[in-house]
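Chain residues, written in single-letter form:
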Amino acid sequence: MVGAELAVHTCPEAFRNTCDQARRDGHRVGLVPTMGSLHEGHVALIAEAGRHATFVAVSIFVNPTQFGPGEDFAAYPRMLDRDRVTCTRAGASCLFAPSAAEMYPQGESTRVRVEKLSETLCGVSRPKHFEGVATVVAKLLILAGPCVAVFGRKDYQQLRVVERMVGDLLLPVEVIGHPTVREPDGLAMSSRNAYLSLEHRARAAHIPVALSEAVGAFESGQRDASTVRDLVRARIERVVDSIDYVELADPATLEPYGESAVIGDRVLLALAVRIGPARLIDNVVLGEDRAPCGEDANDRR
Ligand code: AMP
């Protein structure tokens, strides 16, 4: 259905019917869940879905249950008109943009919680975040009934939580993780980058530099967890307002390595920092991902 007119739904029932009809018409349905304010990272996910499906649905929903008290739910950028154009250009077939009242009917009291994977890294400072994510993604998968759903590796922990949930609930969908799409200087694209002033943005550019230095150290044989972590912290601590965490963790269990740990040949390096009003996250899998900085990181994966 690439090139056909974009169907836009706000009503879950209508969205379900459209996806049902697409399947009856012989399409493979793909789903790309987002919170909107779409950028090139989202466009890459939609394109990836189009390589695995003939009918690509994009959801845009700023999900209240994944924001904690004092987080940026109210301020989160919302630009549905522009996003609709982006979805059409990216080749999506259907856009689902429900209201919170439709996704969480009055009296609702059901949550999906993925234990362990939700509790480390971002889960330490955002204790209910992944419960909100798992709950809304489960709802979206049940509504759309896709063959494939595409998520970004930029939100590495989210990808792992969704994969676990899909496996545990026996949901018949293939979850695809797409590499992080970066700005020319290596900063991971994010809707939250819109919060950054020019001065904040210049400071944020140190994040991919720090990750690239860690990739370099790892490729030169460095396997001491504390040394790699300290190297990243040293690069960013003077430019960020605060560090939530810098961790080396097992890429499957997301269990952080302790102080004197010797790391293996494939290790997740993940961080979360605050610069001005933005909480930014980024990661690389050492032993797998290329350095975020350098000539065209997006082409060198
Ligand atoms: P969001 O709208 O930020 O909730 O993100 C929706 C989806 O897009 C999630 O699967 C994210 O991991 C993914 N995504 C966001 N930014 C990027 C990026 N820079 N590169 C790849 N995927 C991304």
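Anything mentioned here points back to the structure above.
Residues numbered from 1 in each chain as written. Predicted model: local features only at pLDDT ≥ 70, side-chain atom pairs only at ≥ 80, totals over all residues. Heavy atoms only, no water.

Enquirer: Tell me about the packing of helix H9 (residues 206–219) against helix H10 (residues 225–236), and name the residues and values.
Expert: Closest axis-to-axis distance for the H9/H10 pair is 9 Å, and the angle between their directions is 155 degrees. In terms of orientation, H9 lies roughly antiparallel with respect to H10. You can see that H9 and H10 cross each other, and the crossing is right-handed. Of the residues in H10, those in contact with His206, Ile207, Val209, Ala210, Glu213, Ala214 and Ala217 of H9 are Val228, Leu231, Val232, Arg235 and Ile236. (Axes fitted to C-alpha atoms, helices over the stretch in contact; angles between N-to-C directions. Helix = DSSP H or I, 4+ residues; strand = E, 2+ residues; numbered from the N terminus. Parallel < 35°, antiparallel > 145°, perpendicular 65-115°, else oblique. Left-handed = near helix turned anticlockwise from the far one by under 90°. Contact = heavy atoms within 4.5 Å.)

Enquirer: Provide a residue-level description of unusual backbone geometry, including the pertinent values.
Expert: The backbone phi angle of Leu121 is positive, close to 45 degrees, even though this residue is not glycine. Within the element layout of this structure, Leu121 appears in the loop between helix H4 (100–103) and helix H5 (122–125). With a phi angle near 55 degrees, Leu170 is a residue other than glycine that sits in the positive phi range. Mapping Leu170 onto the fold places it in the loop between helix H7 (156–168) and strand S6 (174–178). For Leu170, a relative accessible area of 73% translates into the label exposed. (Buried < 20%, exposed > 50% of the residue type's maximum accessible area, 1.4 Å probe, protein only.)

Enquirer: Help me get a handle on the site of the ligand, residues and values and all.
Expert: For the ligand, the set of nearby residues contains 17 residues, the closest of which are His42, Gly152, Asp155, Val181 and Met189. For the ligand, an oxygen atom lies 2.8 Å from a polar atom in the backbone of Gly152. Asp155 is positioned such that a nitrogen or oxygen atom in its side chain is 2.6 Å from an oxygen atom of the ligand. In isolation the ligand offers 480 Å² of accessible surface; the protein chains occlude 94% of this area. Contributions of two or more residues to the shell around the ligand are made by strand S2 (29–34), helix H2 (40–52) and strand S5 (148–152). (Near = heavy atom within 4 Å. Polar contact = N/O pair within 3.5 Å; in protein donor to acceptor, adjacent residues only side chain to side chain. Areas by Shrake-Rupley, 256 points an atom, 1.4 Å probe, with all protein chains shown as cover.)

Enquirer: Can you lay out helix H6 (residues 129–144) for me, pointing to particular residues and giving the numbers?
Expert: End to end, H6 covers 23 Å across 16 residues, agreeing with the expected 22 Å (1.5 Å per residue, within 8%). When you tally the buried positions in H6, you get 14 out of 16 residues, the bulk of the element. Looking at the residues trailing H6, positive phi occurs at Gly145, about 55 degrees. (Expected span 1.5 Å × (residues − 1).)

Enquirer: An account of the packing of helix H1 (residues 12–24) against H6 is requested, with residue identities and associated values reported.
Expert: Two numbers describe how H1 lies on H6: the axes approach to 8 Å, and their chain directions differ by 50 degrees. The orientation of H1 with respect to H6, classified from their angle, is oblique. Contacts from Pro12, Phe15, Arg16, Cys19 and Arg23 in H1 reach Ile142, Leu143 and Ala144 in H6. A class-by-class count of the residues in the contact of H1 with H6 yields six nonpolar, no polar and two charged. (Nonpolar A, V, L, I, M, F, W, Y, C, P; charged D, E, K, R; others polar.)

Enquirer: An account of the sheet that holds S6 is requested, with residue identities and associated values reported.
Expert: With parallel pairing, six strands are arranged side by side in an open sheet as S1-S4-S3-S2-S5-S6. Two strands bound the open sheet, and with one partner strand each, they are strand S1 (7–9) and S6. Averaged over all pairs of adjacent strands, the angle between strand axes in this sheet comes to 20 degrees, irrespective of strand direction. Docked against the sheet, H6 engages S2, strand S3 (55–60), strand S4 (94–96) and S5, running at close to 155 degrees with respect to S2. (Pairing = 2+ DSSP bridges.)

Shape is all these values report; function is a separate question.
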